[in-house]
Amino acid sequence: MPIRQTDIDLALRLADAAGEAIRPYFRTEHGGEIKEDHSPVTLADRAAETAMRRILDAERSGDGIVGEEYGVKDGVTGRQWVLDPIDGTRSFTAGRAIFGTLIALVEDGWPVLGIIDQPIQRERWLGAAGQPTTLNGRAVRTRACATLEGALLATTSPHAFSGEEADAFLALVAAVSGGHARQGPVYGGDCYNYGLVAAGHLDLVCEAGLALYDFAALAPIVEGAGGRMCDWHGDPLTAASAGQVLAIGDPARTDEVLEALHGHAHDH
């Protein structure tokens, strides 16, 4: 079902509101603290989500909301707006402009609309089912990747993987690098890496432990640019996905990526 332009326009306004809330706190006193789950949060996270929820409560009162900071509001329409006001709070608090605001529309469990907004560099990716992904209004495409060896792989932090996941990730690193340390992964970046896959600058992102608000917006963006988003078993991402996430710029490499991740398990 095609995305309604009114929903796209609303999502863009949510991103505008979040950016206006975030910018005054960047590289200034942001009131950072650590939450019970040991993740960081700032005044900017809370102000941005509050600004977006205010708009949704006024204009889409029947839709559900899933937000990182203020939790779940049940809806009656089968649609949820999934919000991560600052994906990459550690980068934000470190003064690195590679965090982003994530906004997704999920219908019956499927992400159909996504925005990554980088409010400092003023870069905005928009992905919508059935439409080409855009960066600041211009269509972008993932790039071809002829072989897995030499592919440019990114992940936010190697410390985010559990023991078994770390083994699988290192097996993927070995397949990509061909054993050459200088061809190792790019670290850091959170949601920004997925925008770079969509725009043809990175080939792969591999992550684990993500929540729905971390990945829902990314799937329409990567896939609308010709890439593939899936879990570590190759299944498409939905509201029920476990949070092991792959973004693959060239879908032709999918089987090799999955084989690299899981091949290590068959060696024992």
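The text that follows walks through the structure, step by step, so that each part is easy to find. Sequence positions are assigned chain by chain, starting from 1 and proceeding in written order. Note on the predicted model: pLDDT of at least 70 is required for a residue's local features to be given, and 80 or more for side-chain atom pairs to be given and counted; whole-chain, interface and lining totals, by contrast, use all residues. Here the side-chain values reflect all heavy atoms present in the structure, with hydrogen atoms and water set aside.

## Examining unusual backbone geometry
The cut-off we apply is this: Counting from the N terminus, the helices are DSSP H or I runs at least four residues long and the strands are E runs at least two residues long. Here the term buried applies to any residue with accessible area under 20% of the maximum for its type, exposed to any over 50%, and partly exposed to those in between, with areas from a 1.4 Å probe on protein chains only.
Phi at Arg-27 takes a positive value of approximately 55°, unusual for a residue other than glycine. Positive phi, close to 45°, is recorded for Asp-190, a residue that is not glycine. Here Asp-190 lies in the loop between strand 12 (186-187) and helix 5 (192-198). Under the relative-accessibility criterion, Asp-190 is labelled buried at 17%.

## Concerning the sheet that holds strand 13 (residues 204-207)
Threshold: By definition, two strands form a pair when at least two bridges between them are found by DSSP. Here, residues are in contact when the closest pair of their heavy atoms is within 4.5 Å. Geometry is summarised by axes, namely lines fitted to C-alpha atoms with helices restricted to the contacting stretch, and by angles between N-to-C directions that run from 0 to 180 degrees.
Strand order across the open sheet formed by 5 strands is 12-11-13-15-14, with mixed pairing between neighbours. Pairing within the sheet leaves two strands with one partner each, and these edge strands are strand 12 and strand 14 (228-231). With 2 bridges connecting them, strand 11 (residues 153-155) and strand 12 associate as parallel partners. Of the residues in strand 12, the one forming a bridge with Ala-154 is Val-186. Each of strand 11, strand 12 and strand 13 is contacted by helix 4 (residues 163-177), which is oriented at about 155° to strand 11, the strand it contacts most. Across the sheet, helix 8 (residues 254-263) is in contact with strand 13, strand 14 and strand 15 (245-248); its angle to strand 15 comes to roughly 145°.

## Notes on the side chain of Asp-7
Positionally, Asp-7 belongs in helix 1 (residues 5-22). Here Asp-7 falls in the buried class, since its relative accessible area comes to 1%. Setting aside chain neighbours within four positions, we find Asp-7 in contact with Arg-60, Arg-79, Trp-81, Leu-105 and Leu-113.

## Some remarks on the packing of aromatic side chains
For clarity, the cut-off: The criterion for an aromatic pair is that two Phe, Tyr or Trp rings (for Trp, the six-membered ring) have centres within 6.5 Å, with stacked assigned to planes under 30 degrees apart, edge-to-face to planes over 60 apart and tilted to the rest.
Following the criterion strictly, the structure yields 6 aromatic pairs and no others. Aromatic side chains Phe-92 and Phe-99 sit 5.1 Å apart centroid to centroid with 90° between the ring planes, which places their arrangement in the edge-to-face category. For Phe-92, a relative accessible area of 1% puts it in the buried group. Between Phe-161 and Trp-232, the ring centres sit 6.0 Å apart and the planes meet at 40°, which makes this aromatic pair tilted. Placement of the pair is Phe-161 in the loop between strand 11 and helix 4 and Trp-232 in the loop between strand 14 and strand 15, with a sequence separation of 71 residues. Like Phe-161, the residue Trp-232 is buried in the burial classification. Three or more aromatic residues link up through ring pairs in this structure, and these residues are Phe-26, Phe-92 and Phe-99.

## A closer look at the packing of helix 4 against helix 8
Keep this limit in mind: Should an angle lie under 35 degrees it is considered roughly parallel, over 145 roughly antiparallel, and from 65 to 115 roughly perpendicular; all remaining angles are considered oblique. Whether a crossing is left-handed or right-handed is set by the direction in which the near helix is turned from the far one by less than a right angle, anticlockwise for left-handed and clockwise for right-handed. Under the scheme applied, nonpolar residues are Ala, Val, Leu, Ile, Met, Phe, Trp, Tyr, Cys and Pro; charged residues are Asp, Glu, Lys and Arg; polar residues are all the others, including Gly.
Remark: helix 4 packs on helix 8, axes separated minimally by 7 Å, with the N-to-C direction vectors making an angle of 130°. The orientation of helix 4 with respect to helix 8, classified from their angle, is oblique. Crossing handedness for the pair helix 4 and helix 8: right-handed. Along the contact surface, helix 4 presents Ala-168, Phe-169, Ala-171, Leu-172 and Ala-175, while helix 8 presents Val-257, Ala-260 and Leu-261. Partitioning the contact of helix 4 with helix 8 into residue classes produces 8 nonpolar, no polar and no charged.

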